[in-house]
Amino acid sequence: TCGASAMSKDVAFSLTLTTSRRVIASTAGTAYDSILSLHNGRCPAEFACDDDTGGGGAGSIDRVLEPGTYFFVIDAFRAGESGDYLLEVVVQDPPA
């Protein structure tokens with residue numbers, strides 16, 4: 001998976017859902033080439049990962065998630081790369 005090769009320090013954020021929801025997450029605006037991965041409550045089980053589809057080296061994930069606790073992990077593509085980061089998460093009703 002794309003997050004397994006990341007060699008920089010990372011940061012994780014949790015999200016708990018009580019109902020099925022569409023979740024859109026992006027690292028657009030991060031000061032370095034970022035990798036965004038999504039893990040379920042059985043962390044470290046990564047089940048979604050993106051390296052650049054968010055544009056400008058940003059990761060982006062768009063998934064419908066079932067109730068539970070999830071973890072977004074932001075990492076850098078290159079070893080030792082770091083700086084300011086931005087994580088935007090939008091939670092919506094799932095598509096009909």
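Residues numbered from 1 in each chain as written. Predicted model: local features only at pLDDT ≥ 70, side-chain atom pairs only at ≥ 80, totals over all residues. Heavy atoms only, no water.

Asks: Which parts of the structure should I look at to understand the overall build of the protein?
Replies: What the protein contains, in helices and strands, is zero helices and seven strands. Reading the secondary structure of the protein in the N-to-C direction produces β-β-β-β-β-β-β. Counting only C-alpha atoms and orienting by the principal axes, one finds that the protein spans roughly 40 × 25 × 20 Å. Relative to its full complement of 96 residues, the protein shows a buried share of 34%. Taking contacts inside the protein between residues at least 6 apart in sequence as the whole, the part at least 24 apart equals 76%. Per element, the accessible surface of the protein, about 5,300 Å² overall, is 52% carbon and sulfur. A distance of 5 Å separates the average location of the 6 positive side-chain charges in the protein from that of its 13 negative side-chain charges. (Helix = DSSP H or I, 4+ residues; strand = E, 2+ residues; numbered from the N terminus. Buried < 20%, exposed > 50% of the residue type's maximum accessible area, 1.4 Å probe, protein only. Contact = heavy atoms within 4.5 Å. Areas by Shrake-Rupley, 256 points an atom, 1.4 Å probe, with all protein chains shown as cover. Lys, Arg positive; Asp, Glu negative; His and termini not counted. Charge placed at Lys NZ, Arg CZ, Asp CG, Glu CD.)

Asks: Can you walk me through the sheet that holds strand β5 (residues 60-65) in this structure?
Replies: Taken in spatial order, the three strands line up as β5-β2-β7 in an open sheet, and their pairing is antiparallel. Taken across any chain shown, the strands that pair with only one partner, and hence form the sheet edges, are β5 and β7 (88-92). On average, each strand axis in the sheet is tilted by 15° relative to the strand beside it, whichever way the strands run. With six bridges joining them, strand β2 (residues 21-26) and β5 adopt antiparallel strand pairing. Following the sheet pairing, Val23 is matched in β5 by Arg63. (Pairing = 2+ DSSP bridges. Axes fitted to C-alpha atoms, helices over the stretch in contact; angles between N-to-C directions.)

Asks: Quick question: what am I supposed to make of the sheet that holds strand β1 (residues 11-17) here?
Replies: For sheets, the rule is that strands pair by backbone hydrogen bonds, running either parallel or antiparallel. With respect to topology, four strands assemble into an open sheet ordered β1-β6-β3-β4, the strand pairing being antiparallel. Both outer strands of the open sheet, β1 and β4 (46-50), are each paired with one neighbouring strand and no more. Taking the axes of each pair of neighbouring strands and ignoring which way they run, one obtains an average angle of 20° across the sheet. Inspection of the sheet shows β1 paired to strand β6 (residues 68-76) by seven bridges, in the antiparallel sense. Paired with Leu17 across the bridge in β6 is Gly68.

Asks: Please clarify how the pairing of β6 should be interpreted in this entry.
Replies: Successive side chains on a regular strand alternate, one facing one side of the sheet and the next facing the other. Here strand β3 (residues 34-39) pairs with β6 via six bridges, running antiparallel. Residue Leu36 lies in a different strand from β6, and its bridge partner there is Ile74.

Asks: Looking at this structure, how should I read the nonpolar core?
Replies: In summary, soluble globular proteins display a tendency toward joint burial of nonpolar side chains. Within the largest apolar cluster, 14 residues are counted, with the highest numbers of intra-cluster contacts made by Leu17, Val23, Leu36, Leu38, Leu65 and Phe72. Of all the elements, β6 adds the most residues to this core, at four residues. The residues touching Leu38, leaving out its near neighbours within four places in the chain, are Ala45, Glu46, Phe47, Ala48, Ile61, Leu65, Tyr70, Phe71 and Phe72. (Core = buried A, V, L, I, M, F, W, Y, C linked by side-chain atoms within 4.5 Å.)

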